[in-house]
Amino acid sequence: MGRGCAFCPDCDGNVSVEMCEGCFKLHATDWLADYPDRFPTDIIEVRFKNTRKGYYRNVNNLDLKVGDIVAVEASPGHDIGIVSMLGDMVAKQMKRVGFSPIGGEFRKLFRKARPYDIEKWQEAIALEHQTMIRSRQIAAAMGLEMKIGDVEYQGDKIKAIFYYIADGRVDFRELIKVFAEQFRIKIEMKQIGARQEAGRIGGLGSCGRELCCASWISSFTSVTTNAARTQDLSLNPQKLAGQCGKLKCCLVYELDSYIDARKSIPRLHEPLHAMDGDYYHISTDVLARVMTFSTVPDAPVGNIKLTVSKVREIMSINRSGRKVDTIVGEVGVAEPEITFASGSEEDSITRFDRSKRKKNRKKGNNRQNEGGDRPQQPREQKESQDNAEQHAGGNRGDKRNGGRNRGFHRRSRDGRQGDNNHKNGGEQ
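Residues numbered from 1 in each chain as written. Predicted model: local features only at pLDDT ≥ 70, side-chain atom pairs only at ≥ 80, totals over all residues. Heavy atoms only, no water.

> Just checking my understanding: could you explain the nonpolar core for this structure?
Grouped burial of nonpolar side chains is what soluble globular proteins tend to show. One finds M146, I148, F162, L175, F179 and M189 to be the most contacted residues of the largest nonpolar core, which totals 20 residues. Sorting the residues of this core by element identifies α3 (128-141), β8 (147-153), β9 (159-165), α4 (173-183) and β10 (186-191) as the ones contributing at least two each. For F179, the contacting residues outside a window of four places in its chain are S135, I138, I148, F162, R184, I187 and M189. Ranked by size, the runner-up nonpolar core spans 18 residues in total, among them Y258, A261, F293 and L306. (Core = buried A, V, L, I, M, F, W, Y, C linked by side-chain atoms within 4.5 Å. Buried < 20%, exposed > 50% of the residue type's maximum accessible area, 1.4 Å probe, protein only. Helix = DSSP H or I, 4+ residues; strand = E, 2+ residues; numbered from the N terminus. Contact = heavy atoms within 4.5 Å.)

Right under this line is the structure:
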């Protein structure tokens, strides 16, 4: 599936190949396919396993279409691949990936693959997995600090490419000899990086989509933690790292926009001064051009939001040695309200807060009714419990003051609590 095709045997035992659209790595869409004035060209893009692609010259002027299985020139022998792009779009692809022909000349596209070529190609593919497992065992036995991540056989089964990862330089001259004796093929070792390995293996990212290195990225740029700092992202390694263990490539997608936006935002080396105190800078929303301040230094959250133009105005007043009267957050930059999509009441996440709100209301009513200034008690308890609470209130009134006794007297409408307070000596 990494080559973008599936082998389908027919009733006679012959093996045919069918193209599987969209399942291969580095898939590209020819958006000029329906353009009426396309310029014909003899350069063909051919894809191989996973992310490996090549560009070949159609020297025999074959009538090709996307998905055809072709035999192309290799060193040594020939290789089998699938036509992935035709026409003048190929030139744009070569420019995008930075491809340059070897020695200034393109390799040749020989012919369409014959049934014998396809059968031999299928046999070579079947050997790749067990060859990778055995090669890893040999490298570990020799004590080499390297990881063999993938093996790709050539279509004629006389050569194989071993893709490996290593932190430093590896002397694999003895390893090549052992591989040649073990597998009886020509060996080519190719070192790749962690990002390239992730692209060859494939997978889904934290965004839920296919990895960028497996779907469209052909050249990788350096990604540093400064990209995360510039965009005010949390420096959490678990969130910033991709499946390759390196920083995510998508951290640099919007970096230029943030850099340009930060150029117009002033840098504050001291708080904003006002007559009612100093206002300290807490955070900045770069794209919205809004700065948040607080009257408490190093506060986690600020409550005063100002636009960049307003901050510059206050800074110019402070530089002249004056202070503004006060700083009030601007209405136009208030926090947006969080709304949820309309739907059934069961779909709303606020339904989980109902029981808490009911409990909080009950607690609030109880606290309010405990105070002496409330006119009524919400509910009467049992008669025995009322008498006990009233006697306790009268005793507290004798020792401290009569405020609570007055409260008990005010709350009593039937006269029972007032009589108890008289008996216990509370102030009326």
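> Please clarify how the confidence of the model for the chain should be interpreted in this entry.
As a general rule, the predicted coordinates of low-pLDDT regions are not to be interpreted in detail. Residue-level pLDDT values for the chain average 76, and 70% of them are 70 or greater. Of all helices and strands in the chain, the one with the weakest mean pLDDT is helix α13 (residues 403-411) (41), whereas β9 scores best (93). (pLDDT = per-residue confidence, 0-100.)

> Is there a simple way to think about the side chain of N58 in this case?
Here N58 shows up in the loop between β4 (53-57) and β5 (69-73). On the basis of relative accessibility, which here comes to 9%, the residue N58 falls in the buried class. Among the polar contacts listed, one links the side chain of N58 to the backbone nitrogen of N61, at a separation of 3.3 Å. N58 has contacts with D42, I44, L64 and L109, leaving out every residue within four places of it along the chain. (Polar contact = N/O pair within 3.5 Å; in protein donor to acceptor, adjacent residues only side chain to side chain.)

> Is there a simple way to think about the sheet that holds β4 in this case?
Across a sheet, paired strands are connected by hydrogen bonds in the backbone, their directions being either parallel or antiparallel. Spatially, five strands are ordered β3-β4-β7-β5-β6 in a closed barrel, and the strand pairing comes out mixed. Strand-to-strand, the axes of this sheet are offset by a mean angle of 55°, without reference to chain direction. As paired elements, β5 and strand β6 (residues 78-85) share five bridges and run antiparallel to each other. Counterpart to A71 in the pairing with β6 is I80. (Pairing = 2+ DSSP bridges. Axes fitted to C-alpha atoms, helices over the stretch in contact; angles between N-to-C directions.)

> Is there a simple way to think about the environment of L144 in this case?
By secondary structure assignment, the location of L144 is in the loop between α3 and β8. It is 7.2 Å that separates the C-alpha atoms of L144 and V170, two residues lying 26 residues apart in sequence. The residues contacting L144, other than those within four sequence positions of it, are A139, V170, D171 and L175.

> Explanation requested: the sheet that holds β10 in the structure shown.
Read across the open sheet, the three strands follow the order β8-β9-β10; overall the sheet is mixed. Of all the strands in the sheet, the pair left with one neighbour each is β8 and β10. Neighbouring strand axes in the sheet, compared pairwise and without regard to direction, differ in orientation by 25° on average. Bridge analysis of β9 against β10 gives six bridges, and the strand direction is parallel. The residue bridging A160 from the neighbouring strand is I187, located in β10. The sheet strands contacting helix α5 (residues 194-201) are β8 and β9, and the helix crosses β8 at an angle near 50°.

> I keep staring at the pattern of salt bridges and nothing clicks. Help me out?
Close approach of charged atoms allows side chains of opposite charge to pair. Tallied over the entire structure, the rule returns 18 salt bridges. With its nearest N and O atoms 3.6 Å apart, the salt bridge here joins E152 to R200. Of this pair, E152 sits in strand β8 while R200 is found in helix α5, placing the two residues 48 residues apart along the sequence. Residue E152 is classed as buried on the basis of its relative accessible area, which comes to 3%. Between R262 and D232 there is a salt bridge, with the nearest N and O atoms lying 2.9 Å from each other. One end of the pair, R262, is in helix α9 (residues 255-262); the other, D232, is in the loop between α7 (225-230) and α8 (237-240), and 30 residues separate them in sequence. For R262, a relative accessible area of 30% gives the class partly exposed. (Salt bridge = Lys/Arg side-chain N within 4 Å of Asp/Glu carboxyl O.)

> Could you clarify how one ought to interpret the packing of aromatic side chains in this entry?
To describe a pair of aromatic rings, you give the distance between the ring centres and the angle between the ring planes. One pass over the full model with this rule turns up eight aromatic pairs. Pairing Y55 with F99 gives two aromatic rings, centres 4.8 Å apart and planes at 50°, and the pair type is tilted. Taken together, the positions of Y55 in strand β4 and F99 in the loop between α1 (89-97) and β7 (107-112) put the pair 44 residues apart, joining distant regions of the chain. Owing to a relative accessible area of 6%, Y55 belongs among the buried residues under this scheme. On the basis of relative accessible area, F99 is assigned to the partly exposed category, the value being 31%. Their ring planes at 45° and their centres at 5.9 Å tell us that W216 and Y253 sit as a pair that is tilted. In this pair, W216 sits in the loop between α6 (212-215) and α7 while Y253 sits in the loop between α8 and α9, placing the two residues 37 residues apart along the sequence. Classification of W216 as partly exposed rests on a relative accessible area of 43%. Taken together, the aromatic side chains of Y55, F99 and F106 make up a single cluster linked through ring pairs. Taking NZ or CZ as reference, R200 lies 3.8 Å from the ring centre of Y163, over its face. (Phe/Tyr/Trp six-rings, centres within 6.5 Å; stacked < 30°, edge-to-face > 60°. Lys NZ or Arg CZ within 6 Å of the ring centre and 35° of its normal.)

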